[in-house]
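# Observations on the model geometry
One letter stands for each residue in the lines below.
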Amino acid sequence: MSFLFQPEPIIAVPIQGSQQLYPVRRIYCVGQNYSDHVREMGGDPKQTPPVFFSKPANAIVINNQQVHYPPATKNLHYEVELVVALGSGGLDLNQNDVQACVFGYGVGIDFTRRDLQLAAKQGGKPWDVAKGFDESAPLSALIPAVGIDCSRGHIWLSVNGEIRQDADLSEMIWSVSDIVVHLSTLFALKAGDLIFTGTPAGVSAVSAGDQIKAGIAEVGEIEFELVAPRSC
Ligand code: MN
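Now for a description of the structure that goes with this document.

How each quantity is defined
- Residues numbered from 1 in each chain as written.
- Predicted model: local features only at pLDDT ≥ 70, side-chain atom pairs only at ≥ 80, totals over all residues.
- Heavy atoms only, no water.
- Helix = DSSP H or I, 4+ residues; strand = E, 2+ residues; numbered from the N terminus.
- Rg over C-alpha atoms; globule rule 2.2 N^0.38 Å.
- Buried < 20%, exposed > 50% of the residue type's maximum accessible area, 1.4 Å probe, protein only.
- Contact = heavy atoms within 4.5 Å.
- Pairing = 2+ DSSP bridges.
- Donors = N, O, S within 2.8 Å, 3.2 Å for Na, K, Ca; no water.
- Phe/Tyr/Trp six-rings, centres within 6.5 Å; stacked < 30°, edge-to-face > 60°.
- 1 Å grid on protein atoms, 1.4 Å probe; cavity = no way out; pocket = protein on both sides within 12 Å on 5 of 7 lines; lining within 4 Å.
- Points joined across faces, edges and corners; volume = space filled by probe spheres on them.
- Nonpolar A, V, L, I, M, F, W, Y, C, P; charged D, E, K, R; others polar.
- Salt bridge = Lys/Arg side-chain N within 4 Å of Asp/Glu carboxyl O.

### Brief notes about the overall build of the protein
A count of helical and extended segments in the protein gives five helices and 17 strands. Rg of the C-alpha trace for the protein: 17 Å, near the compact-globule value of 17 Å for 232 residues, within the 12% margin. Along the three orthogonal principal directions, the C-alpha set of the protein runs to about 55 × 45 × 35 Å. When each of the 232 residues of the protein is scored for burial, the buried share is 48%. Considering only contacts in the protein between residues 6 or more positions apart, those separated by 24 or more positions represent 75%.

Here it is, written out as structure tokens:
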């Protein structure tokens, strides 16, 4: 048997200091995981448990490549996030299992069509069109988790050199291990699953021509230009 058409290539992310690539299976994302950001979006962090959503693997943009401004929005927001890359998984993991499941970390941007997300929230509708669009998940090279402490560390994002997000990983409401444990009650997690762990305060709109740079202490940095929409 042969394929009806050529399958798309596996989405693969570079690994710092390695010739190997990390093949991506799924992208899970956590919403509302920093108190200041929950407040800026109009919520109460103590009454708003984290929400999970997902993006397609082919939303990833690697190697600091340009990102095209997406269609169907007038309010595109950046969200810098610690990304957890699983090297193994399972169902109903406990806290003691998590460390062995985490292969590494990266710096990701959860681009969001905020206008469509607000409409979805108001209408009680799914977030897919607000979150899962093409090129909505720029991602840095991954760093292996050995020796990396992601319970704290500076997380920041700048637009055209001006700092817009400036926080610490210790401000996360749900820790990396909390997130993995909770997610494993909902899905059988596997090697190749990425988890975007939520963004701190300071989100706002960007435009074509903006230069976006972001980083997380110990993990790495990402830098790219947001460019005009694709013409076709
Ligand atoms: Mn996010």
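### Description of the sheet that holds strand β3 (residues 26-31)
Spatially, β4-β3-β15-β8-β9-β12 is the arrangement adopted by the six strands of the open sheet, whose pairing is mixed. The open sheet is flanked by β4 (51-55) and β12 (143-144), the only strands paired with a single partner. Strand direction decides the pairing type here: strand β9 (residues 102-109) and β12, joined by two bridges, are antiparallel. Pairing of G104 across the sheet is with P144, part of β12.

### A closer look at the coordination of the manganese ion
Looking at the manganese ion, one finds its protein donor set to be E79 (OE), E81 (OE) and D110 (OD), positioned 2.0 to 2.1 Å from the metal centre. Mapped onto the sequence, the donors of the manganese ion take the spacing E-x1-E-x28-D. Taken together, the residues E79 in the loop between β7 (76-77) and β8 (80-86) and D110 in the loop between β9 and β10 (112-113) connect sequence positions 31 residues apart.

### Some points on the sheet that holds strand β6 (residues 67-68)
Within a beta sheet, neighbouring strands are joined by backbone hydrogen bonds and run either parallel or antiparallel to one another. Read from one edge of the open sheet, five strands run β6-β17-β16-β13-β14, paired in mixed fashion. If you trace the sheet from one side to the other, it starts and ends with β6 and β14 (162-168), each paired once. In terms of strand pairing, strand β16 (residues 211-216) meets strand β17 (residues 220-227) through six bridges, oriented antiparallel. In the sheet register, A214 faces β17, and the bridge partner there is I222.

### Here's the deal with the packing of aromatic side chains
The full count for this structure, using the stated rule, is four aromatic pairs. Ring plane angle 20° and centroid distance 5.8 Å describe the contact between Y22 and F103, whose orientation is recorded as stacked. Remark: F103 occurs in strand β9 and Y22 occurs in strand β2 (residues 21-23); sequence separation between them is 81 residues. A relative accessible area of 28% means that F103 is categorised as partly exposed. The interplanar angle of 50° and the centroid separation of 5.5 Å between the aromatic rings of F53 and W127 together place this pair among those described as tilted. On the criterion of sequence distance, the pair formed by F53 in strand β4 and W127 in the loop between α3 (114-123) and α4 (128-131) is long-range, its members being 74 residues apart. On the basis of relative accessibility, which here comes to 19%, the residue W127 falls in the buried class.

### A word on the layout of surface pockets
Empty space within the largest pocket amounts to approximately 390 Å³. Taken together, 19 residues make up the lining of the largest pocket; nearest its centre are Q99, Y105, I148, C150 and V176. For the lining of the largest pocket, the class distribution of residues is eleven nonpolar, seven polar and one charged. Quantified by volume, the second largest pocket comes out at close to 210 Å³. Every residue along the wall of the second largest pocket is listed here: I11, A12, N58, I60, V61, I62, Q65, Q66, H68, E135 and R230.

### Description of the pattern of salt bridges
In this structure the tally under the stated criterion is ten salt bridges. One salt bridge connects R25 with D193, and the closest N-O pair in it is separated by 3.1 Å. Residue R25 is found in the loop between β2 and β3, and its partner D193 is found in strand β15 (residues 193-196); the two are separated by 168 residues along the sequence. Across the pair D149 and R152 runs a salt bridge, and its minimum N-O distance is 2.6 Å. In this structure, a network of salt bridges that share partners links the residues K55, E79, D110, R114 and K131.

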